[in-house]
Amino acid sequence: LIGGGRRNAARPPPGRKQAALRSTRVAARPRREMPWGLALVAVVAAGQVSFSKHPQPRGGHTDASRKHIDVSNRSTGGLRRPTRSCGHISHVAVGADSHQTPGLAPLVWSIFSSSRSPHCIHVHAFYCEAEPSLQSREAIRRVGVEITIHVVDLERFPLLHNLSNSSAMNLVRFYLPELLPEAASSVLWLDTDIIVRSDVHELLSKLFVGANRSKSLAAVARKKELRTITRYRPSKLGVLNVSTVLRGDAFNAGLIAFNLQQWRAQNLTQRVEALVPALQEIGLASYAGISLPGGMRAAPSSQVPLQLLFGHDFQRLDSCWNVGGLGTSWGQGELLPLRVWAKQIAAWWTGKVARGCALHWSGGDKPWSGHNPFAPQYYKPVRKAAIRAGYGEIFPGTLAHDGSDYYLPWLLRIVAIFVAAPSALFLVVALRRPGSGALRAELVPQSPSRGHSVSLE
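Residues numbered from 1 in each chain as written. Predicted model: local features only at pLDDT ≥ 70, side-chain atom pairs only at ≥ 80, totals over all residues. Heavy atoms only, no water.

S.K.: Describe the overall build of the chain, with residues and values.
M.R.: Helices and strands together make up the secondary structure of the chain, namely 19 helices and 13 strands. Per-residue burial over the chain gives 47% buried out of 457 residues. Counted over contacts in the chain with a minimum sequence separation of 6, partners at least 24 positions apart contribute 77%. Split by element, the accessible area of the chain, about 24400 Å² in all, is 55% carbon and sulfur. (Helix = DSSP H or I, 4+ residues; strand = E, 2+ residues; numbered from the N terminus. Buried < 20%, exposed > 50% of the residue type's maximum accessible area, 1.4 Å probe, protein only. Contact = heavy atoms within 4.5 Å. Areas by Shrake-Rupley, 256 points an atom, 1.4 Å probe, with all protein chains shown as cover.)

S.K.: Describe the packing of helix α12 (residues 268-281) against helix α13 (residues 303-310), naming the residues involved and giving the relevant values.
M.R.: Put simply, α12 and α13 touch, their axes get as near as 10 Å, and they point 115 degrees apart. What the angle tells us is that α12 and α13 run roughly perpendicular. You can see that α12 and α13 cross each other, and the crossing is right-handed. Where α12 approaches α13, its residues L268, R271, V272, L275, V276 and L279 are matched on the opposing element by V304, P305, L308, L309 and F310. Residue classes in the contact of α12 with α13 are distributed as ten nonpolar, no polar and one charged. (Axes fitted to C-alpha atoms, helices over the stretch in contact; angles between N-to-C directions. Parallel < 35°, antiparallel > 145°, perpendicular 65-115°, else oblique. Left-handed = near helix turned anticlockwise from the far one by under 90°. Nonpolar A, V, L, I, M, F, W, Y, C, P; charged D, E, K, R; others polar.)

S.K.: Tell me what's going on with the confidence of the model for the chain, and back it up with residues and numbers.
M.R.: Confidence in the prediction for the chain averages 74 pLDDT; 60% of positions are at 70 or higher. Within the model, the stretch residues 1-9 combines pLDDT values under 50 with zero contacts to residues more than four positions away or in other chains. Below pLDDT 50 for its whole length, residues 288-298 participates in 15 contacts with residues either more than four positions away or in separate chains. (pLDDT = per-residue confidence, 0-100.)

S.K.: Pulling in residues and values, what's your account of the sheet that holds strand β3 (residues 146-151)?
M.R.: Spatially, the seven strands line up as an open sheet ordered β3-β2-β1-β4-β9-β6-β10, and their pairing is mixed. Sheet topology places β3 and β10 (315-316) at the edges, where each strand pairs with a single neighbour. Relative to β3, strand β2 (residues 121-127) is paired through six bridges, and the arrangement is parallel. Bridge pairing in β3 places F126 opposite H150. (Pairing = 2+ DSSP bridges.)

S.K.: Tell me about α12, and name the residues and values.
M.R.: Compared with the 20 Å implied by 1.5 Å per residue over 14 residues, the 21 Å span of α12 between its first and last C-alpha is a close match. Considered for burial, the residues of α12 that qualify are L268, T269, V272, L275, V276, A278 and L279. (Expected span 1.5 Å × (residues − 1).)

S.K.: Talk me through the packing of aromatic side chains; I want residue IDs and the actual numbers.
M.R.: By the definition in use, this model includes six aromatic pairs. Between W361 and Y379, the ring centres sit 5.7 Å apart and the planes meet at 70 degrees, which makes this aromatic pair edge-to-face. Taken as a pair, W361 in the loop between β11 (358-360) and α15 (375-378) and Y379 in the loop between α15 and α16 (380-388) lie far apart in primary sequence, 18 residues in all. Neither residue differs from the other here; W361 and Y379 are each classed as buried. Taken together, the aromatic side chains of F258, W263 and F310 make up a single cluster linked through ring pairs. Directly above the aromatic system of F314 lies the positively charged group of R316, at a separation of 4.0 Å from the ring centroid. (Phe/Tyr/Trp six-rings, centres within 6.5 Å; stacked < 30°, edge-to-face > 60°. Lys NZ or Arg CZ within 6 Å of the ring centre and 35° of its normal.)

S.K.: Explain unusual backbone geometry to me, using residue names and the numbers behind them.
M.R.: The phi torsion of most residues other than glycine is negative, and most of the peptide bonds are trans. A positive phi is found at F208, a non-glycine position, where the angle reads about 55 degrees. Tracing the backbone shows F208 in the loop between α8 (200-205) and β6 (217-219). In the Ramachandran plot, N267 falls in the positive-phi region, its phi being about 55 degrees despite a non-glycine side chain. With respect to the element layout, N267 can be found in the loop between α11 (260-266) and α12.

S.K.: Give a description of the packing of helix α4 (residues 104-113) against α16 that names residues and reports values.
M.R.: Contact geometry for α4 and α16: axes closest at 8 Å, N-to-C directions at 85 degrees. Classified by the interaxial angle, the pair formed by α4 and α16 is roughly perpendicular. Contact with α4, carried on its side by A105, P106, W109 and S110, involves V382, R383, A385 and A386 of α16 and no other residues of that element. Here the contact of α4 with α16 is built from residues that sort into six nonpolar, one polar and one charged.

This is the structure:
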């Protein structure tokens, strides 16, 4: 304090110019507008940045989309060594036509790689076109996993008559009790636009036991009721005696488990065969929001008869087993992809996608389309690992899609850089340059009698 006092005391009195500067009033800076280029960069960056603050999927398993998965061991298909003996074989069914085969290799690889007991899983792949080639059979033996390829005769099953291959694959799940061996007591059906990130063997071991032994289905229940999603009227369903199920929980049939013992004992397939034509007669074979091959009117949906037949009488799975909506597309009537952006923001905010046990690209924008916003982070690494492990030779349709259009996000980043550079320069110049309405202060000589004065123009 003493030193400071001495310095203040020794300081000379301020001159006229310093006094004039102290008395000058500077006008407030004008309001600056945010450059639109920076706003565009912020939107693009929000869709491309990967956040890792959320934990990994549940179940203590290996995340199939992480880079630390070892896929260099070609003798085991890049899978972990078995850690324990399996008490039963878990059956998983998938089906695809020529348009859906790009998703088979990533899906099947994720099923085996996410399990601690891959030797306890038997995957059944259903086709309705050509027989599997010799190369595919050799690849299955070389990879060292249990995969059986079935060719479905469409003329054998009533619901599959006069349908395209895509529509037939959508309904083939109803005939799994007949297509699978009698020893299979349960099966998990997966659509090809799904990536598994948890152990399906552990999941199936806990289904249809105890109080749920008599359940015929197991699925993830939605928060909305069936009548809210379908908008069906009970009066229209009264003729089918299924109007009461509209108050039950809805579910998505993309990932669904079947209790094959109950289906065979109760002849549930025959009941579905009778319900589907009846729904078509009254125009309720589908409803808005279901993505069907060829459009909503092309073929009956597999989801509607399941929900109307069983209602709320199904075993509930954890919600992490069907994290859907990742295929939300930019609608034709939308000026901006607001629904896609909202899905991305919700995924980051809630962390459901990062913690998902099974990611489902339900919607029109499939992960192999090349422009899906979730594909670069969650789908592309799985596809690359599946091809390196040899699954692309089992399902050749995967190799036809080389994934070159996945570089679209990188192109957007390059464009964002060129947009951000001039926008940042414009912002710096705009902040440093005085506005047109700013007041300029000029120093005037100080009058000896009146003290300091300032003239403002």
